[in-house]
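Here are the chains, one letter per residue:
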Amino acid sequence: MASRKTVQNTHINERIRKLHAALLDIAAVMNQPQRDEFLIEKAGIPLDRALFPLLVCVDRFGPIGVVDLADRVGRDHTTVSRQVAKLESLGLVRRQASAADRRIRAVVITPKGRATTGALDAAREKIGREIFSTWDARDIDELVRLTRKFADAVKDDPAAGA
């Protein structure tokens, strides 16, 4: 007879595989260039698709250094540095000395950049309302709560996301 611990581990392992598969499905959809283009179009903003995730990250996590920004979007820091320069030329971000380390030039959002991410947020919310239109409010609340709990656990313990 199998021990309870072995049965429980098998059950947890299966759940982890299913969670991983679901996360891969979500990541695949979120990484589709046409999804970003659709959101940009819905927001009614003139923004190059390659710059979109950078602007959103600067808004959410800024002030942020280019290396940290590159890590968050999974790109090379030299590429991100050039793309940040493009965002700067559009007046959407600016660079300033980091408060923590004066050697680092942190990227911060400008008021024009914040207006742009506001338009993106509004478009994302409209799309989200369509996706969740048939969901029960309790299910949405539970999804948000558990997703945040999982994100915090992975963020606090990098080995957990391996």
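Just above sits the structure.
What you see is a predicted model; the values in this text were computed from it and never measured. (Residues numbered from 1 in each chain as written. Predicted model: local features only at pLDDT ≥ 70, side-chain atom pairs only at ≥ 80, totals over all residues. Heavy atoms only, no water.)

Some points on the pattern of salt bridges
And step 1. With the rule as written, the count across this model stands at 12 salt bridges.
And step 2. The salt bridge partner of Arg60 is Asp59, with a shortest N-O separation of 2.7 Å.
And step 3. In this structure Asp59 comes out as buried when scored by relative accessible area, which is 16%.
And step 4. A salt bridge links Asp152 to Arg148; the shortest N-O distance between them is 2.9 Å. Residue Asp152 and its partner Arg148 are located together in helix H7 (residues 137-156), separated by four residues, close to a single helical turn.
And step 5. Given a relative accessible area of 45%, Arg148 falls into the partly exposed group.
And step 6. Through salt bridges that share partners, Asp59, Arg60, Arg114, Asp121 and Arg124 make up one connected network. (Salt bridge = Lys/Arg side-chain N within 4 Å of Asp/Glu carboxyl O. Buried < 20%, exposed > 50% of the residue type's maximum accessible area, 1.4 Å probe, protein only. Helix = DSSP H or I, 4+ residues; strand = E, 2+ residues; numbered from the N terminus.)

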